[in-house]
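Architecture and fold: a report
The chain contents come next:
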Amino acid sequence: MSVTARYPADGSILDVSEFHLEEGERLIVFGPNGSGKTTFLRALAGMLGEERQLDAAYLPQHPYLFRGSAGWNLGLGLTDEQAALAGQFARRFGLSVQLERQASQLSGGERQRLCLARTLASNHPWVLLDEPLSALDVSDRAALAAQLAHALSGRSAIIVTHDREEAAILGERMAVMVGGRILQEGSVTEVFSLPASEEIARAVGTANVISGFAGTADESLARVVVGDSVITGMGTPPPGEPCRALFGAEAVTLYRGREAGSGSAVNHWTGRVVAIRESGRLIHISVDVGFLLVALLTPGSLEALGLGAGSEVTAAVKATAVRVVAT
Amino acid sequence: MEFIGEVLSDALEILTSFGAELWAVTGLTLAVSGSATVLGALIGIPLGTSLAVGGFRGRGAILVAVNTGMGFPPVLAGLLLLLLLWSDGPLGAWGLLFTPAAMVMAQTLLAIPIAAGVTAATIQALPPSAHEQLAALRLTRIKKGLVAVGEARAGMWAAVAAAFGRVVAEVGAVLIIGGNIKGETRVLTTAIVQESRQARFGEAVALGIVLLVIALAVNGLLTWLQWRGRPS
């Protein structure tokens, strides 16, 4: 599929000659502000005056409620059956306000929940969401992200975000957009831990997003089983369910060889260096420890450790630096 | 100053007695301009809405026509209709010339572009996020128009007020098409022309004051509706 659009209103030029879409899959379009993500989504939704490219329900970045009651807005453009479904979504998303209330009295977060519920209730094959959680309080965001991931499971969706955690919770595949172009496409975990270039690494931030299944938890510590490895972190995912572990590249300490030095880190994994890349004044090191992880080192540390591609290293991460989210 | 003073005192005398003839002229003015405003709004508001929510061919050309129509000279509208309704004209058989019905037709022609133009401008002035959401909802054209009108409802009263203000104040069209026949097609504006030409200034000023009071009252009412309809 190919999308080319010039959008003079904000001066940005979108140039996506080809990208991959698969039905029944959730694609994250990730990128910094002004990278053209919104224009890309608007082009797909047919908002740029051209042909609609996807039969989609589209949630704009700034959802607008028309004058009337919240309930009337919730059912706008929907059949009775879909409106009832929208009501269920709204309740699940924590929209507790009475639907008789005037839409103008709703808070930003309530408006976004309402519009999100309405968008999901329509029966178009695709769902296009532009920063669907941006108007919410930070404290509500993770919970709603999990609800949204649940509501989207099995649906074909394209979700624009610049938030790493949202991308990790909501996405299966991810396209990184910088300057109106898609620079890398791949699974969310792959793009985060093995960015294809320095530009992409800078756009996604150096982070580890590792997919696995929740193991048995004890107290506040969660365990994520990834193949033969286990990642311990903070969180309460339901045991046996798919989940992801998130930690920054700066949280990883590397030791040469099979032994980690003494320290409080709970997580130790041994593996081999896959790639070393300079990024500004720091070095990104991708290590295969049964899963791919990325660490950040200073050039001095790299020299002291004497690492090269294929070197055996042990990576250590404190459990408190790892966040575990259900997906 | 003595002259002005005399004119004003004459006018006041006429207004305090407010005779049958003045009632008839005022009543016909309200009936003709009121009907033309209602008809003009019924046609102009949907026209303006469809121009604003867009999505059809020839929209640009119609928009130019509407904007031109907003400043269309009333005498020309009157002349155009005169030719159509003239006994040898295409609509001559209707026998409407020099009747209040013909005057309503003429003023409706003047009211339509005003109502359409103000409606289109008001809807286009809604925030970009409103237009984006309206497009994103993928409503039917009619439903889309209804939601847009509801959102801009304060502006609809402005459209009605502007249309009424234009038709109640015009003299060219009603003079040509109505003929200013006493007791039949005489309205406030044509009566003012008549009285002025005959140097009956007291009468002319009295009629002028009535016209002003009507314009003030109607616009006051519509402005109040407009304010009440604003989003809080």
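Residues numbered from 1 in each chain as written. Chains lettered and ligands numbered in written order. Predicted model: local features only at pLDDT ≥ 70, side-chain atom pairs only at ≥ 80, totals over all residues. Heavy atoms only, no water.

**Observations regarding the overall build of chain A**
Scanning chain A from N- to C-terminus turns up 9 helices and 18 strands. Relative to the globule expectation of 20 Å for 327 residues, the C-alpha radius of gyration of chain A, 21 Å, shows essentially globular dimensions. Seen through its C-alpha atoms, chain A measures out along the principal axes to roughly 65 × 50 × 30 Å. When the 327 residues of chain A are sorted by exposure, 53% land in the buried category. (Helix = DSSP H or I, 4+ residues; strand = E, 2+ residues; numbered from the N terminus. Rg over C-alpha atoms; globule rule 2.2 N^0.38 Å. Buried < 20%, exposed > 50% of the residue type's maximum accessible area, 1.4 Å probe, protein only.)

**A look at the pattern of salt bridges**
Here the structure, examined in full by the defined rule, presents 8 salt bridges over all chains. Taking the shortest distance from any N to any O, the salt bridge between arginine 200 of chain B and glutamate 195 of chain B comes out at 2.6 Å. Classification of glutamate 195 of chain B by relative accessible area gives buried; the value is 8%. Residues participating in the shared-partner salt-bridge network are Glu25, Arg173 and Glu185 of chain A. (Salt bridge = Lys/Arg side-chain N within 4 Å of Asp/Glu carboxyl O.)

**What to know about empty space enclosed by the protein**
Residue and element names in this part refer to chain B. All chains considered together, the criterion is met by 1 cavity of 30 Å³ or more. Taken as a whole, the largest cavity holds about 40 Å³ of empty space. Taken together, Thr29, Val32, Ser33, Gln107, Val167, Val168, Glu170, Val174, Val187 and Thr189 make up the full set of residues lining the largest cavity. Listing elements by their share of the lining of the largest cavity, those giving two or more residues are α2 (20-53) and α8 (153-169). No other element matches the 3 residues that α2 contributes to the lining of the largest cavity. Looking at the lining of the largest cavity residue by residue, the classes come out as 5 nonpolar, 4 polar and 1 charged. (1 Å grid on protein atoms, 1.4 Å probe; cavity = no way out; pocket = protein on both sides within 12 Å on 5 of 7 lines; lining within 4 Å. Points joined across faces, edges and corners; volume = space filled by probe spheres on them. Nonpolar A, V, L, I, M, F, W, Y, C, P; charged D, E, K, R; others polar.)

**Description of the confidence of the model for chain B**
Here chain B shows a mean pLDDT of 93. Residues at 70 or above account for 98%. Of the two predicted TM-score estimates for the complex, the pTM is 0.79 and the ipTM is 0.80. (pLDDT = per-residue confidence, 0-100.)

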